[in-house]
Amino acid sequence: MPWCPNCKDEYKEGITTCADCGCELVDDLSLIEENDDLEEDTFENEEDELAEAYEELEQEEEEFETEVYINNEEKAEENRTSAYTLLIIGSLGFIGVVLYMLDVFGGSMSKTSKYMITGVMGSLFLLFIIMGIVSLKNFKLFKKRAYKENNLTSEITKWSLQTFNKDDIDSKLSLGEMLEEAKYFERTKYIKSTIRSQFMNLDESYLNRLVDEIYPSIFEE
């Protein structure tokens, strides 16, 4: 008996096309079902391969996701800005509180209220001044560290540009037709590993930022 391969309906002998979909009828539906099962298995296998590749890529991304590194020069600049801001606001505010306490300006107010206001505001502005002094000390500390860090960064960058070559790295890693994003992770992993073997005890987040800065000079020229 003829069957519709699409609707899976059975027809009487002599009928050659499906009344519902117009598809040409076949004598044996089992062959069609086997082909459908084969196509479904192939599709599922492709889906599994894609899912596995995506999962591996996500794992690689997680390995490279670390805290964003703020270098000592940036920390020094942040503390310098904070120090000047706190010292200026604190000093002007404290002077204002003293002038208010001496009745240089301000309306009539009971001594109790005046002492409370000047006490609270004076303490607040004094705290600003203390925080400003602390930030100023931190600025000087980070400035000294920045000098050493900049020298190290300059040394590693110079060594890396002399050592790494795009074609050499790609040939060693055998990247082939790998996606560009995956190539980036493999390349940076190799570069970081090589730098670690040459320069010991480097902070991981510092190394990640440094490699990100070096990478375009090697691969995007």
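Calculation rules
- Residues numbered from 1 in each chain as written.
- Predicted model: local features only at pLDDT ≥ 70, side-chain atom pairs only at ≥ 80, totals over all residues.
- Heavy atoms only, no water.
- Helix = DSSP H or I, 4+ residues; strand = E, 2+ residues; numbered from the N terminus.
- Buried < 20%, exposed > 50% of the residue type's maximum accessible area, 1.4 Å probe, protein only.
- Areas by Shrake-Rupley, 256 points an atom, 1.4 Å probe, with all protein chains shown as cover.
- Core = buried A, V, L, I, M, F, W, Y, C linked by side-chain atoms within 4.5 Å.
- Contact = heavy atoms within 4.5 Å.
- Phe/Tyr/Trp six-rings, centres within 6.5 Å; stacked < 30°, edge-to-face > 60°.
- Patch = residues over 30% accessible without salt bridge, like charges linked within 9 Å, V, L, I, M, F, W, Y side chains within 5 Å.
- Salt bridge = Lys/Arg side-chain N within 4 Å of Asp/Glu carboxyl O.
- Polar contact = N/O pair within 3.5 Å; in protein donor to acceptor, adjacent residues only side chain to side chain.

A few points about the overall build of the protein chain
Helices and strands together make up the secondary structure of the protein chain, namely six helices and zero strands. Along the protein chain, helices and strands appear, N-terminal first, in the series α-α-α-α-α-α. Across the 221 residues of the protein chain, 28% fall into the buried class. Accessible surface computed for the protein chain: about 15,400 Å², of which carbon and sulfur atoms make up 54%.

With respect to the nonpolar core
If you look at the biggest cluster of nonpolar residues, it comprises 16 residues, and the most contacted ones within it are Ile 156, Ile 191, Ile 195 and Leu 202. At the level of elements, helix H5 (180-198) and helix H6 (204-219) are the ones that each hand at least two residues to this core. A per-element tally of this core places H6 first, with eight residues. Not counting residues within four places of it along the chain, the set of residues in contact with Ile 191 comprises Phe 164, Ile 169, Val 211, Ile 218 and Phe 219.

Digging into unusual backbone geometry
A positive phi is found at Asn 201, a non-glycine position, where the angle reads about 55°. Here Asn 201 lies in the loop between H5 and H6.

A few points about the packing of aromatic side chains
Counting across every chain of the model gives eight aromatic pairs. Consider the rings of Trp 159 and Phe 199, whose centres lie 5.6 Å apart with planes at 85°: the pair is edge-to-face. With Trp 159 in helix H3 (residues 111-163) and Phe 199 in the loop between H5 and H6, this pair connects stretches of sequence that are 40 residues apart. Here the aromatic residues Trp 159, Phe 164, Tyr 190 and Phe 199 are joined through ring pairs into a cluster of three or more.

Topic: a nonpolar patch on the surface
On the surface, Phe 94, Ile 95, Val 98, Leu 99, Met 101, Leu 102, Val 104, Phe 105, Tyr 115, Leu 126, Ile 130 and Val 134 cluster together into a nonpolar patch covering about 1,100 Å² of accessible area. Broken down by secondary-structure element, the contributors of at least two residues to the nonpolar patch are helix H2 (72-101) and H3. Along the chain, the position of Val 134 falls in helix H3.

Looking at helix H4 (residues 166-173)
Of the residues that open H4, the one with a side-chain oxygen 3.0 Å from the backbone nitrogen of Asp 167 is Asn 165. Looking one or two places after H4, you find Ser 174, whose phi comes out positive at around 50°.

A closer look at the side chain of Ser 135
Relative to the elements of secondary structure, Ser 135 occurs in helix H3. For Ser 135, the residues in contact, after removing those within four places along its chain, are Asn 79, Ser 82, Ala 83 and Leu 86.

What about the pattern of salt bridges?
Should their charged atoms come close, side chains of opposite charge can pair. All chains considered together, the criterion is met by seven salt bridges. The partner of Glu 77 in a salt bridge is Arg 80, with the nearest N and O atoms 2.5 Å apart. Residue Glu 77 and its partner Arg 80 are both found in helix H2; the two are separated by three residues, about one turn of the helix. Residue Arg 80 is classed as partly exposed on the basis of its relative accessible area of 27%. Notably, a salt bridge pairs Arg 209 with Glu 213, separated by 3.2 Å at the nearest N-O pair. Here Arg 209 and its partner Glu 213 are both found in helix H6, four residues apart, which amounts to about one turn of the helix. Residue classification places Arg 209 among the partly exposed positions, given a relative accessible area of 26%. Where salt bridges share partners, they join Glu 74, Arg 209 and Glu 213 into one cluster.

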